[in-house]
Amino acid sequence: MRIFSGIQPSGDIHIGNYLGAIKQWVALQNKVYPVRGGISNKADCIFCIVDWHAITVPYNQTMLQRKIKEVAAIYLAAGLSPEKNIIFVQSQVKEHAELAWLLNTITPLGDLQRMTQFKEKAAKQANVEAGLFNYPVLMAADILLYQTDIVPVGEDQKQHVELTREIARRFNTRFGKTELSSGEVFSLPKAQTLKIGAKIMSLTAPDKKMSKSDKNPQASITLFDSPEQIKKKISSATTDSGHEIKFQPKEKPGISNLLTIYSLFSDKSIKDLEKAFLGKSYQEFKASLSEILIEKLKPFRNKKAELDKSPESIEKILADGALRAQKIAQATMQKVRTSMGLL
Ligand code: AMP
Ligand code: TRP
């Protein structure tokens, strides 16, 4: 069983990224999957920092270097082990670019044109470059290079993983069983999302998802926010009319989003939280949520302080990860080149 996922080193990583994606990964690194014959097997997990994706919209070069290391620090602070998993930077394994090019040649334009994320991002740019349009093909290359079975992501990435599966199927049909290739070249991947937490909403507009590109800093809590920032953002988070702490996403989107965040950080069920806060005010609930967040985000603040002091240890982990990732990527590329008739 192979698991692959990644995050772009752009903007500030927020609790939506953590709860929707990274927190699942931490659980997956220890998960054991049954295989045929009654033997169980631990999944191979690969977690990438997808810097080539982050440069598909305007960015600052100095900031990018810093963000790449910050995302690595976040992975480690969240509890991802560099021994149990492969943690690496996309641009340090050149096979991603090679496979992306090859997959471009079998990806229909129409499929890329209907991608929701492309349409949303393109609408925000004055100039749209080809890189933004081809972004899902690079993502397909990331996933397929490692013969991935499961891609743990938030709700907004399901469409890209579906497209990846289509590309893999198309490739296997076209280049699979021929005189140059003895069988399927790629495994077919599947997206895995959480039932609760796959879409954390903005604190200021709970009908929109919490997003790195939101211009309003009050809309999200980043993993490196100080205790003061956390308190301020939570106390000014949009709530709903009435005064009951109840999970009713339609009627009470603000409080329901805060309950979801509380539940995922405290590992208490929403039902139990509703009981515990019965008759309490929004203010009391928010004060308690701030405390939990301050406590649970402490490892991230600490790891960032460590990174600021000694960036070398993270560079070493990433260099080692790139070597391990490249071994797997090279094996896939060998099969791909041969099956496509390249030398
Ligand atoms: P990105 O911010 O696009 O690099 O996303 C990194 C990961 O976080 C992806 O798996 C996204 O699906 C996930 N993600 C982003 N925003 C949210 C959100 N508001 N709620 C839950 N998951 C999210
Ligand atoms: N597109 C993803 C996002 O915006 C990031 C990403 C790139 C990714 N390549 C990936 C996620 C491969 C999972 C697997 O969140």
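Draft legend 1. Fine view of the pattern of salt bridges. Under the defined criterion, the tally for this structure stands at 16 salt bridges. Between D44 and R2 there is a salt bridge whose closest N-O contact spans 2.8 Å. Here D44 is found in strand β4 (residues 44-49), whereas its partner R2 is found in strand β1 (residues 2-7), with 42 residues between them in sequence. Given a relative accessible area of 39%, D44 falls into the partly exposed group.

Draft legend 2. Layout of the site of ligand 1. The local shell around ligand 1 holds 17 residues, among which G154, D156, I200, M210 and K212 are the closest. Backbone polar atom of M210 to a nitrogen atom of ligand 1: 3.0 Å apart, as the coordinates give it. K212 places a polar side-chain atom, nitrogen or oxygen, 2.9 Å from an oxygen atom of ligand 1. Coverage of ligand 1 by the protein amounts to 94% of the 490 Å² it exposes when considered alone. When residues of the shell around ligand 1 are assigned to their parent elements, the largest contribution, four residues, is made by helix α1 (residues 15-28). When its residues are assigned to classes, the shell around ligand 1 shows six nonpolar, eight polar and three charged.

Draft legend 3. Inspection of the domain arrangement of the chain at higher detail. The assigned domain composition of the chain is domain 1 (2-197 + 311-340) and domain 2 (217-306). A separation of 30 Å is found between the C-alpha centroids of domain 1 and domain 2. Listed as interface residues are 16 residues of domain 1 and, on the opposing side, 15 residues of domain 2. Counting across the domain 1 and domain 2 interface gives one salt bridge. Among the ionic pairs, D267 bridges to K23, the shortest N-O distance being 3.6 Å.

Each value, and the rule that gives it
Residues numbered from 1 in each chain as written. Chains lettered and ligands numbered in written order. Predicted model: local features only at pLDDT ≥ 70, side-chain atom pairs only at ≥ 80, totals over all residues. Heavy atoms only, no water. Salt bridge = Lys/Arg side-chain N within 4 Å of Asp/Glu carboxyl O. Helix = DSSP H or I, 4+ residues; strand = E, 2+ residues; numbered from the N terminus. Buried < 20%, exposed > 50% of the residue type's maximum accessible area, 1.4 Å probe, protein only. Near = heavy atom within 4 Å. Polar contact = N/O pair within 3.5 Å; in protein donor to acceptor, adjacent residues only side chain to side chain. Areas by Shrake-Rupley, 256 points an atom, 1.4 Å probe, with all protein chains shown as cover. Nonpolar A, V, L, I, M, F, W, Y, C, P; charged D, E, K, R; others polar. Domains from an automatic or database assignment. Contact = heavy atoms within 4.5 Å.

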